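Here's the letter readout for the chains.
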Amino acid sequence: MITYLLVASLLLIFILELISRRDELRHLHITFEIDSELVEPGESAALRYTVHNTSRLPVLFSSLTLRLPGGVKVDEDEKWKKLHLSEDFTGQQVEHRFYLMPYGKFSGKTNIVIEKRGLHELGKWYLESGDLIGLSPFLRSGDISVKVICTAKSAEIDDIEALGGLIGDISVRRFINDDPTLIMGYREYTGREAMKEISWLQTAKRNSLTVRKSDFTTDRIAVIALNMDEGNRADMEHALSLTRAVCEMFESAKVPYSVRSNGDIDNIPEGLGRKHLFFIQRKIGLSKLAGHYSFGALIDRLSREKRGDVSVVIISPSSLDKYAAELQNLRRYLDREPIIIDGRETAQ
């Protein structure tokens, strides 16, 4: 009886070994997704991955290794790290070992954090499969197919009113029905406008979402002017953090705002709301700190475009002394004094 069981066991192992020697990697397909493509430094995001077995045969052994780049760190508890995490001079590696039934799948999740602003690739994956004994391994690899944008952390800053901007001293007049005398025209919906601004009549006529362009002469509006032409890297990074902080202040005060820059933040039109702020934070995260033209030219443009009751907040990572003439010219057209925030980190 014992001999019979031993022979049967050896036969079963031999059959499983023959099955497992097949290169099943061609039947394995891996997908990735991230729960948030925009994070701030130190904020955790969940990287999810799924391995599908499209074969009618089982995969008796497989392992998935994620090799993360240096700027990406695992954010899991010590028990999880002991089971799945290893680290060397190249960075951190996450490993999962599993088997797959026919048409089965393995799903995993790793929480990650990024500490540095910018666009981050998440490294490479390595999928290994082999025979039961481990003598004939097969390996496939590729790039993790998702990327994450890390925006600047919001800087600590005094309230705008404390800085001298009397925002909120003029009431915003609104009516249940639109005043046709205030409508200047229509434009295509960008996704940053409030739903109430959509003109459904014009949308039906144009067969695309269309919003009203209104002239609310008593509205509070604000412009954030960011100098990206000069300054060392640390000061320019701090200026981006200040820009985010000022945007969040205007969001809290429900004041529509735009961002103008002479660099790769570009010109972001006036808006308000979660989508508008998300778009700005995304642009901040993607910035290469590149300046395109002088800040004096940007101030001159603002002088030609902005008139009357507009709150202008200027953020610069370098001294504005040489732009005194341009700033004085801007003051001629504004009803209130521009707020100038020193973006140099050493000045804080």
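Bear in mind that the values here come from a model prediction, so they are computed numbers and not experimental data. (Residues numbered from 1 in each chain as written. Predicted model: local features only at pLDDT ≥ 70, side-chain atom pairs only at ≥ 80, totals over all residues. Heavy atoms only, no water.)

Novice: Any chance you could explain the overall build of the protein here in plain terms?
Specialist: Of regular secondary structure, the protein possesses seven helices and 19 strands. Across the 348 residues that make up the protein, the buried fraction comes to 45%. The contacts in the protein between residues at least 6 apart in sequence include a share of 73% that link residues at least 24 apart. Accessible surface, the protein as shown: approximately 19100 Å² in total, 54% of it carbon and sulfur. (Helix = DSSP H or I, 4+ residues; strand = E, 2+ residues; numbered from the N terminus. Buried < 20%, exposed > 50% of the residue type's maximum accessible area, 1.4 Å probe, protein only. Contact = heavy atoms within 4.5 Å. Areas by Shrake-Rupley, 256 points an atom, 1.4 Å probe, with all protein chains shown as cover.)

Novice: Could you clarify how one ought to interpret the sheet that holds strand β1 (residues 28-34) in this entry?
Specialist: Two orientations exist for strands paired in a sheet by backbone hydrogen bonds: parallel and antiparallel. Judged by pairing direction, the sheet is antiparallel, and its four strands sit side by side in the order β1-β3-β8-β5 without closing on themselves. Unpaired on one side and paired on the other, β1 and β5 (72-74) mark the two borders of the sheet. With direction set aside, neighbouring strand axes in the sheet form an average angle of 35°. Inspection of the sheet shows strand β3 (residues 44-53) paired to strand β8 (residues 105-114) by nine bridges, in the antiparallel sense. When the bridges of β8 are listed, Arg48 appears paired with Lys109. (Pairing = 2+ DSSP bridges. Axes fitted to C-alpha atoms, helices over the stretch in contact; angles between N-to-C directions.)

Novice: So what exactly am I meant to see when it comes to the packing of aromatic side chains here?
Specialist: The relative placement of two aromatic rings is captured by the distance of their centres and the angle of their planes. Tallying each qualifying case throughout the model produces four aromatic pairs. Both rings, one in Phe32 and one in Tyr49, keep their centres 6.2 Å apart while their planes meet at 55°; by these two values the pair is tilted. Of the two residues, Phe32 sits in strand β1 while Tyr49 sits in strand β3, which places them 17 residues apart along the sequence. Of the two residues, Phe32 and Tyr49, neither departs from the other in class, the shared state being buried. The ring of Tyr293 carries the charged tip of Arg301 above its face, separated from the ring centre by 4.8 Å. (Phe/Tyr/Trp six-rings, centres within 6.5 Å; stacked < 30°, edge-to-face > 60°. Lys NZ or Arg CZ within 6 Å of the ring centre and 35° of its normal.)

Novice: I tried to follow the sheet that holds strand β19 (residues 339-342) on my own but got confused; where do I start?
Specialist: Across the sheet, which stays open at both edges, the five strands sit in the order β17-β16-β15-β18-β19 with mixed pairing between neighbours. Looking along the sheet, the strands with just one partner apiece sit at the ends: β17 (268-271) and β19. Taken pair by pair, the neighbouring strands of this sheet meet at an average axis angle of 20°, ignoring direction. Where strand β15 (residues 221-226) meets strand β16 (residues 257-261), five bridges bridge the pair, whose relative direction is parallel. Opposite Ile224, over in β16, you have Val259 as the bridge partner.

Novice: Could you clarify how one ought to interpret the confidence of the model for the protein in this entry?
Specialist: Reading fine detail from the predicted coordinates is not recommended where pLDDT is low. Mean pLDDT for the protein: 82, with 78% of residues reaching 70 or above. Below a pLDDT of 50 lies the segment residues 162-182, which in the model reaches 32 contacts outside its immediate sequence neighbourhood of four places, other chains included. (pLDDT = per-residue confidence, 0-100.)

Novice: In this structure, what is going on with helix α6 (residues 295-305)? I would like to understand it.
Specialist: Every buried residue belonging to α6 is among Phe295, Gly296, Leu298, Ile299, Leu302 and Ser303, and all of these are buried. For α6, the angular spread of the buried residues around the axis is 160°, confining them to a single face. (Arc of directions from axis to C-beta.)

Novice: How should I be thinking about the side chain of Glu251 in this particular structure?
Specialist: With respect to the helices, strands and loops of the structure, Glu251 is situated in helix α4 (residues 233-252). A polar atom in the side chain of Glu251 sits 2.7 Å from the side chain of Tyr257. With near-sequence residues (within four places) excluded, Glu251 lies in contact with Tyr257, Leu272, Gly273, His276 and Leu277. (Polar contact = N/O pair within 3.5 Å; in protein donor to acceptor, adjacent residues only side chain to side chain.)

Novice: Would you take a moment to explain the pattern of salt bridges for this structure?
Specialist: A pair can form between side chains of opposite charge whenever their charged atoms are brought close. All told, the structure shown has 15 salt bridges when counted by the stated rule. The partner of Glu248 in a salt bridge is Arg244, with the nearest N and O atoms 2.8 Å apart. Here the residue Glu248 and the residue Arg244 both occupy positions in helix α4, the gap between them amounting to four residues, near one helical turn. Each of Glu40, Lys153, Arg244 and Glu248 takes part in a single network of salt bridges with overlapping partners. (Salt bridge = Lys/Arg side-chain N within 4 Å of Asp/Glu carboxyl O.)

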